[in-house]
There are 2 protein chains.
Amino acid sequence: MKFSPLIDELIDAFKVLPGVGPKSAQRMAFQLLERNRSGALKLSQILHDAMEHVQHCGSCRTFTEAEICEICSSAKRAESRQLCVVESPQDIVAIEQTAEFKGRYFVLMGHLSPIDGIGPNEIGLHILDKRLASNAYDEVILATNPTVEGEATAHYIAQMCKSYDLQATRIAHGVPVGGELEYIDGNTLSHAFSGRRSL
Amino acid sequence: MKFSPLIDELIDAFKVLPGVGPKSAQRMAFQLLERNRSGALKLSQILHDAMEHVQHCGSCRTFTEAEICEICSSAKRAESRQLCVVESPQDIVAIEQTAEFKGRYFVLMGHLSPIDGIGPNEIGLHILDKRLASNAYDEVILATNPTVEGEATAHYIAQMCKSYDLQATRIAHGVPVGGELEYIDGNTLSHAFSGRRSL
Ligand SMILES: [Zn+2]
Ligand SMILES: [Zn+2]
């Protein structure tokens, strides 16, 4: 024991947070005790509520406390016959910020990774399969990450689309806008070349 | 709104933690939702309990959920007629780890800082005064930080001790053990010279 039993427990509990070691955990405990007990009580309450009530959207699998998330509930969104497949809820936010896409999403909550025991069912592809079969879409945009696992996952889903005669497209890889060629990795650069278009 | 209302609230609530900005708050929320809900619920519970029950020790002012902290409750500690004055509960832990001191503590929970409106009462010197008057001590060791405010606070308390004919001592400043002279700041080095002792 270093401090009182309850303070030691609090410091220890903070270590569940990513990037928080013993020193930051101790700083968090004392800063809240000394300066912001009401903020800490609010965090305690919301943390409890979120862990109890946030589940997966019944339609797209993103995190939400509602049965069906806001995007999936929107009638306007249903008019678009496009479905965008992403790895995480954070990817939806990034795409929404571009205002480029007006369709619906499907969130894998990960990617295929056989080594880690993550197969099709673990990323909800049995649920995606039902949506593909629903005849609600003309195009499935595969927006998984441009990593080895993300590419493999995209190809797996493209095969699923084929069996329903659904067009599957992959977002373009290339030089980021504003990026300088000399700082771009070779893999990205070769994608940029092979994906070149006439002007 | 970026995510669902509850998730947005959770991300926002994490920002009460020191050193946590929007990006880390978002990472914390999703990591707990995806991988450690039981750890998060435990953090929520302990955070609540600590904010509700941790108060100041009635004797030394350190943080504790007990009326009187463990050190102040120890009969063995009372045998020593030394009192060590520190700025924070963390300082007690540092001193306890040296096993150098066997007396009791008084925790200021800060230092005198007139500019910030922190005067003698704000750091509990009216409570310390009663302890000095109790005739329980032969020596008061001033272990405030070697900063301008820490020094000023030590001198103020030394004056209080004088009125009770109590010996006040200040911990030594000098070159840290294992430190290399060339990397020590000039102020510390002049303390090391003026505090030199014959061998
Ligand atoms: Zn949804
Ligand atoms: Zn105490």
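Small disclaimer: the values here were computed from a predicted structure and weren't measured.

1. Some remarks on the coordination of the zinc ion (ligand 2)
Residues and elements named next belong to chain B.
Now for step 1: Around the zinc ion (ligand 2), the protein contributes the donor atoms Cys 57 (SG), Cys 60 (SG), Cys 69 (SG) and Cys 72 (SG), at 2.3 Å from the metal centre.
Now for step 2: Coordination at the zinc ion (ligand 2) is tetrahedral: its four donor atoms span angles of 104 to 117° at the metal.
Now for step 3: For the zinc ion (ligand 2), the single-chain donor residues occur in sequence as C-x2-C-x8-C-x2-C.
Now for step 4: Here Cys 69 falls in the buried class, since its relative accessible area comes to 8%.

2. Notes on the UniProt feature "domain: Toprim" (unreviewed entry) in chain A
Now for step 1: Under the UniProt annotation, the feature "domain: Toprim" (unreviewed entry) is placed at residues 81-176 of chain A.
Now for step 2: Counted over residues 81-176 of chain A, helix gives 36% and strand 18%. Its end C-alpha atoms are 28 Å apart.

3. Quick word on the coordination of the zinc ion (ligand 1)
Residue and element names in this part refer to chain A.
Now for step 1: Within the protein, the zinc ion (ligand 1) binds to Cys 57 (SG), Cys 60 (SG), Cys 69 (SG) and Cys 72 (SG); these donor distances fall in the range 2.3 Å.
Now for step 2: Bound by four donor atoms, the zinc ion (ligand 1) shows angles of 103 to 116° at the metal and therefore tetrahedral coordination geometry.
Now for step 3: Each donor residue of the zinc ion (ligand 1) belongs to the same chain, with the gaps between them written as C-x2-C-x8-C-x2-C. The same class applies to Cys 57 and to Cys 60, which are both buried.

4. Digging into the UniProt feature "zinc finger region: C4-type" (unreviewed entry) in chain A
Now for step 1: Within the UniProt annotation, "zinc finger region: C4-type" (unreviewed entry) is assigned to residues 57-72 of chain A.
Now for step 2: Helix makes up 19% of residues 57-72 of chain A and strand 12%, with an end-to-end C-alpha separation of 8 Å.

5. Some details on the relation of the copies chain B and chain A
Now for step 1: For the pair chain B and chain A, the relating rotation is 180°, the translation along its axis is 0.0 Å, and the fit reaches an RMSD of 0.0 Å. Taken together, the rotation and translation describe the operation of a two-fold axis. Taking C-alpha positions as reference, the residue of chain B nearest the rotation axis is Ser 44 of chain B, located at 2.1 Å.

6. Overview of the sheet that holds strand β5 (residues 139-142) of chain A
Strand pairing in a sheet relies on backbone hydrogen bonds. The paired strands run either parallel or antiparallel.
All names here are of chain A.
Now for step 1: Pairing is parallel across the open sheet formed by four strands, whose spatial order is β4-β3-β5-β6. Both outer strands of the open sheet, β4 (104-107) and β6 (167-170), are each paired with one neighbouring strand and no more. In this sheet, adjacent strand axes meet at a mean angle of 25° when their direction is disregarded.
Now for step 2: Across four bridges, β5 lies against β6 in parallel orientation. Bridging from a neighbouring strand, Ile 141 pairs with Thr 169 of β6.
Now for step 3: Contacts from helix α7 (residues 125-133) reach β3 (82-86), β4 and β5, with the element oriented near 155° to β4.

The rules behind the values
- Residues numbered from 1 in each chain as written.
- Chains lettered and ligands numbered in written order.
- Predicted model: local features only at pLDDT ≥ 70, side-chain atom pairs only at ≥ 80, totals over all residues.
- Heavy atoms only, no water.
- Donors = N, O, S within 2.8 Å, 3.2 Å for Na, K, Ca; no water.
- Tetrahedral: all angles 85-135°; square planar, octahedral: opposite > 155°, others 65-115°.
- Buried < 20%, exposed > 50% of the residue type's maximum accessible area, 1.4 Å probe, protein only.
- UniProt positions renumbered as here; feature names shortened; annotations may be inferred.
- Helix = DSSP H or I, 4+ residues; strand = E, 2+ residues; numbered from the N terminus.
- Least-squares fit on C-alpha atoms with pLDDT ≥ 70 in both.
- Pairing = 2+ DSSP bridges.
- Axes fitted to C-alpha atoms, helices over the stretch in contact; angles between N-to-C directions.
- Contact = heavy atoms within 4.5 Å.

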